[in-house]
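What the coordinates show
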Amino acid sequence: MEDLYDAIARLKKERNAVILAHVYQPEEIQEIADFCGDSFGLSQEAARTDADVIVFCGVRFMAETANILSPDKITLLPAPDATCRMFDDTLEARVKAVLAQHPEYKVVSYVNTPASVKALSEICCTSSNAVKVVESLPKDQELLFVPDQDLASFTAEQTHARIIPWQSACPTHFNLTVEEVEAAKKAHPGALVLMHPECRPQVRALADYVGSTTGIVKYAEQSDREEFIIATECGVLTQLAWKCPHKKFYMAGDMVCPNMKKTTLEKVKQALETLEPRVVVPEPIAEKARVALERMLAVK
Ligand code: 13P
Ligand code: SF4
């Protein structure tokens, strides 16, 4: 009898579909993906795929990005309720209100924002390219950095740009404490601490390396060290185990993103069968957001 894995493989072929998965996804989803990556890698992959259908295993805003960059494809989000805990319905209106007061600001928006906020932006960024994106802009320009305050402070530290941070944070990273990281270091004194920039500045001060999820995996692969304390969402352990099977990884704390865990194999199969639920970003929002995303993709 055909099992779930076989059914997904068959449907994927029939639909000429590609499965893109964020590295925070459950292990079984990363296993069936054609490409696993961070939010930047996934947007590059979505922009260049020649598949007819993109099955996006991640959160809604990343799937919206895929649809904006490849509007002629069908974008499926198997877990349609997978939002981001930084999301809030009032964000667009509040950004507009700040811009009305400060028309001189330019908005730099993180990939985890709704398309309507990307449409208000000069340029988008992700955690892997925020520094380069900001460095590509004029030095004296005031930048309203939306929505993660900790990615904003990390980018400001690295660039000394004039960044006005939005006041919100990702709870998965924000809740990690200095005490937890210190306890992990004490328990594993030979381990290096690899951390996501969405952690708070006082916690980041304890890291040996700060970078995006892909940056963390690459760092661990290339390092001659054997043990690492990981300070980002636990899904990244799947990639680390695959790419560095002989190295040891310890979580710095209990770091789980409930939204990233909403995708299941059953939902992927059903999405491929029914070609639903789709993510469609209406024009002209998509048109404006595309400009900000393409500017980001052009930054070297
Ligand atoms: P990356 O940009 O590293 O993929 O992170 C996305 C994210 O959701 C961080 O919490
Ligand atoms: Fe959003 Fe944080 Fe989850 Fe990333 S880990 S999707 S920023 S809530």
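Computed from a predicted model, the values in this text were never measured in an experiment. (Residues numbered from 1 in each chain as written. Chains lettered and ligands numbered in written order. Predicted model: local features only at pLDDT ≥ 70, side-chain atom pairs only at ≥ 80, totals over all residues. Heavy atoms only, no water.)

**Observations concerning the overall build of the chain**
For the chain, the helix and strand inventory stands at 15 helices and twelve strands. Over its C-alpha trace the chain gives a radius of gyration of 19 Å, about what one expects of a compact globule, namely 19 Å for 300 residues. The principal-axis extents of the C-alpha atoms in the chain amount to approximately 55 × 50 × 30 Å. In the chain, which comprises 300 residues, the share counted as buried stands at 55%. For the chain, long-range pairs separated by at least 24 residues make up 61% of all intrachain contacts whose partners lie at least 6 apart in sequence. Per element, the accessible surface of the chain, about 13100 Å² overall, is 51% carbon and sulfur. (Helix = DSSP H or I, 4+ residues; strand = E, 2+ residues; numbered from the N terminus. Rg over C-alpha atoms; globule rule 2.2 N^0.38 Å. Buried < 20%, exposed > 50% of the residue type's maximum accessible area, 1.4 Å probe, protein only. Contact = heavy atoms within 4.5 Å. Areas by Shrake-Rupley, 256 points an atom, 1.4 Å probe, with all protein chains shown as cover.)

**Points about the site of ligand 2**
Residues in close proximity to ligand 2 include Tyr24, Val59, Cys84, Arg85, Met86, Asn112, Cys170, Thr172, Glu198 and Cys257, which together make up its full environment. Of the residues that constitute the shell around ligand 2, the class distribution is six nonpolar, two polar and two charged. (Near = heavy atom within 4 Å. Nonpolar A, V, L, I, M, F, W, Y, C, P; charged D, E, K, R; others polar.)

**Here we look at the site of ligand 1**
Close contacts around ligand 1 come from 13 residues, with His22, Ser39, Ser127, His196 and Glu198 the closest. The separation between an oxygen atom of ligand 1 and a polar side-chain atom of Ser39 is 2.6 Å. Between ligand 1 and Ser127 there is a distance of 2.7 Å, counted from an oxygen atom to a side-chain nitrogen or oxygen. With the chains in place, 96% of the 310 Å² that ligand 1 exposes on its own is no longer accessible. For the shell around ligand 1, the per-class residue count stands at three nonpolar, eight polar and two charged. (Polar contact = N/O pair within 3.5 Å; in protein donor to acceptor, adjacent residues only side chain to side chain.)

**Let's talk about the pattern of salt bridges**
For the structure on display, the rule yields 15 salt bridges. Where Glu14 meets Arg10, a salt bridge forms, and the shortest distance between an N and an O atom there is 3.1 Å. With Glu14 and Arg10 both in helix α1 (residues 4-15), this residue pair falls four residues apart, about one helical turn. Taking the relative accessible area as the measure of exposure, Glu14 reaches 53% and is therefore exposed. (Salt bridge = Lys/Arg side-chain N within 4 Å of Asp/Glu carboxyl O.)

**Some details on the sheet that holds strand β10 (residues 209-210)**
What the four strands build is an open sheet, ordered β10-β9-β11-β12; its pairing is parallel. Each edge of the sheet is formed by a strand with only one pairing partner; in this case those strands are β10 and β12 (248-251). In the packing of helix α12 (residues 213-222) onto the sheet, the strands contacted are β9 (192-195), β10, β11 (227-231) and β12, and the crossing angle to β9 comes to about 155°. (Pairing = 2+ DSSP bridges. Axes fitted to C-alpha atoms, helices over the stretch in contact; angles between N-to-C directions.)

**Quick word on the packing of helix α3 (residues 39-48) against helix α4 (residues 60-69)**
A pair of packed helices can be characterised by two numbers: the angle between their axes and the separation between those axes. Interaxial distance between α3 and α4 falls to 8 Å at its minimum, and their mutual angle equals 30°. Put simply, α3 runs roughly parallel to α4. α3 and α4 meet at a crossing whose hand is right-handed. Of α4, the residues touching α3 (which contributes Ser39, Ser43, Ala46 and Ala47) are Met62, Thr65, Ala66 and Leu69. (Parallel < 35°, antiparallel > 145°, perpendicular 65-115°, else oblique. Left-handed = near helix turned anticlockwise from the far one by under 90°.)

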